[in-house]
Amino acid sequence: MPKEARPGTGEQAKQHALAQLRQAILRGDMAPAQRLVENELAEQFGVTRASVRAALIELESEGLVERIRNRGSRVRVVTVEEAVAITECRMVLEGLCSAKAAVSASDEQLTELVDLGAAMSKAVADGEPLTYSDLNHELHARIREFSGQAVAVELLERLNAQLVRHRFQLALRPGRPQQSLSEHLAMIEAITARDPQAAEEAVRAHLGSVIEALRD
């Protein structure tokens, strides 16, 4: 955004800084433990320090930033133990969403899941782990969306945002995409069969495998 078009103060400025910071953290442009200097960020985004500070406070509530007494803010480091605990919570919520999607999704939405599965298979066959990772993320997002369970979706979006670094690390681990592909295809098969119990079990099995991979 050109500097002259950037909002300098007020709620709009805070939202601008918030969106830029969140996107940078989720893309991995800002690494875990990286210091977030208010003056530098204010200049970068063309807003006031107060707007940046308000954005950092909100990101702290989302679990993406930590504010350290007398030392300012930094991108929060999510330990393996925390990643496992978050994934255990995901197991319950995503299992619920998968079961509901098996009942609620339209035929067109089920076709979309099948197409995503085919694209994931191609990415693995072509040796493209980052493409596979993006499709993996999209599949989970679509299942949440098709479930119609708005409360679970909101909770999961907050949880998943904290796992972005671990997600990329797993995607690049040799052999991991091949293993998780079969798990994702089982999820798709159960949902498209409109079998809510099998759909929930498939998601739980997949996320159980993720926990094992995190602990390795």
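Residues numbered from 1 in each chain as written. Predicted model: local features only at pLDDT ≥ 70, side-chain atom pairs only at ≥ 80, totals over all residues. Heavy atoms only, no water.

**What to know about the overall build of the protein chain**
(1) Moving on: Looking only at helices and strands, the protein chain has ten helices and three strands in total.
(2) Moving on: Along the protein chain, helices and strands appear, N-terminal first, in the series α-β-α-α-β-β-α-α-α-α-α-α-α.
(3) Moving on: Viewed in the frame of its principal axes, the protein chain has a C-alpha envelope of about 55 × 35 × 30 Å.
(4) Moving on: Counting the 216 residues in the protein chain, one finds 44% classified as buried.
(5) Moving on: Intrachain contacts of the protein chain at a sequence separation of at least 6 include 75% that bridge at least 24 residues.
(6) Moving on: Carbon together with sulfur atoms contributes 51% to the accessible area of the protein chain, which is approximately 11,200 Å² in total.
(7) Moving on: Distance between charge centroids for the protein chain: 9 Å, based on 26 positive and 32 negative side chains. (Helix = DSSP H or I, 4+ residues; strand = E, 2+ residues; numbered from the N terminus. Buried < 20%, exposed > 50% of the residue type's maximum accessible area, 1.4 Å probe, protein only. Contact = heavy atoms within 4.5 Å. Areas by Shrake-Rupley, 256 points an atom, 1.4 Å probe, with all protein chains shown as cover. Lys, Arg positive; Asp, Glu negative; His and termini not counted. Charge placed at Lys NZ, Arg CZ, Asp CG, Glu CD.)

**Digging into the pattern of salt bridges**
One side chain can pair with another of opposite charge once the charged atoms of both are near each other.
(1) Moving on: Following the criterion strictly, the structure yields 15 salt bridges and no others.
(2) Moving on: Of the charged contacts, one joins Arg 142 and Glu 138 as a salt bridge, the two residues approaching to 3.8 Å between their closest N and O atoms. Of this pair, Arg 142 and Glu 138 both sit in helix α6 (residues 129–147), separated by four residues, roughly a single helical turn.
(3) Moving on: For Arg 142, a relative accessible area of 24% corresponds to the partly exposed category.
(4) Moving on: Under the relative-accessibility criterion, Glu 138 is labelled partly exposed at 30%.
(5) Moving on: A salt bridge links Glu 145 to Arg 142, with the nearest nitrogen and oxygen atoms 3.3 Å apart. Taken together, the residues span about one helical turn, with Glu 145 and Arg 142 both in helix α6 at a distance of three residues.
(6) Moving on: Shared partners join several salt bridges into a network, and the residues in it are Glu 112, Glu 138, Arg 142 and Glu 145. (Salt bridge = Lys/Arg side-chain N within 4 Å of Asp/Glu carboxyl O.)

**Re unusual backbone geometry**
Most of the time, phi is negative for any residue but glycine, and the peptide bond is trans.
(1) Moving on: Of note, the phi angle at Ala 33 is positive, near 80°, even though the residue is not glycine.
(2) Moving on: Within the secondary structure, Ala 33 is located in the loop between α1 (10–27) and β1 (35–36).
(3) Moving on: Residue classification places Ala 33 among the partly exposed positions, given a relative accessible area of 35%.

**So, the confidence of the model for the protein chain**
(1) Moving on: Across the protein chain, the average pLDDT comes to 91, with 96% of residues at 70 or higher.
(2) Moving on: A low-confidence stretch, residues 1–5 stays under pLDDT 50, and its non-local contacts, those more than four residues away or across chains, total three contacts. (pLDDT = per-residue confidence, 0-100.)

**Some words on helix α5 (residues 107–125)**
(1) Moving on: For α5, spanning 19 residues, the distance from its first C-alpha to its last is 27 Å, which sits close to the expected 27 Å at 1.5 Å a residue.
(2) Moving on: Taken together, the buried positions of α5 are Leu 110, Leu 113, Leu 116, Gly 117, Met 120, Ala 123 and Val 124. The arc that holds every buried residue of α5, seen down its axis, measures 130°, which confines them to one face. Turned more than 90 degrees from where α5 packs its buried face, Asp 107, Glu 108, Lys 122 and Ala 125 sit exposed.
(3) Moving on: Looking at the buried side of α5, the elements it contacts are α6 and α9 (176–192).
(4) Moving on: Of the residues one or two after α5, Gly 127 is the one with positive phi, at around 70°. (Expected span 1.5 Å × (residues − 1). Arc of directions from axis to C-beta.)

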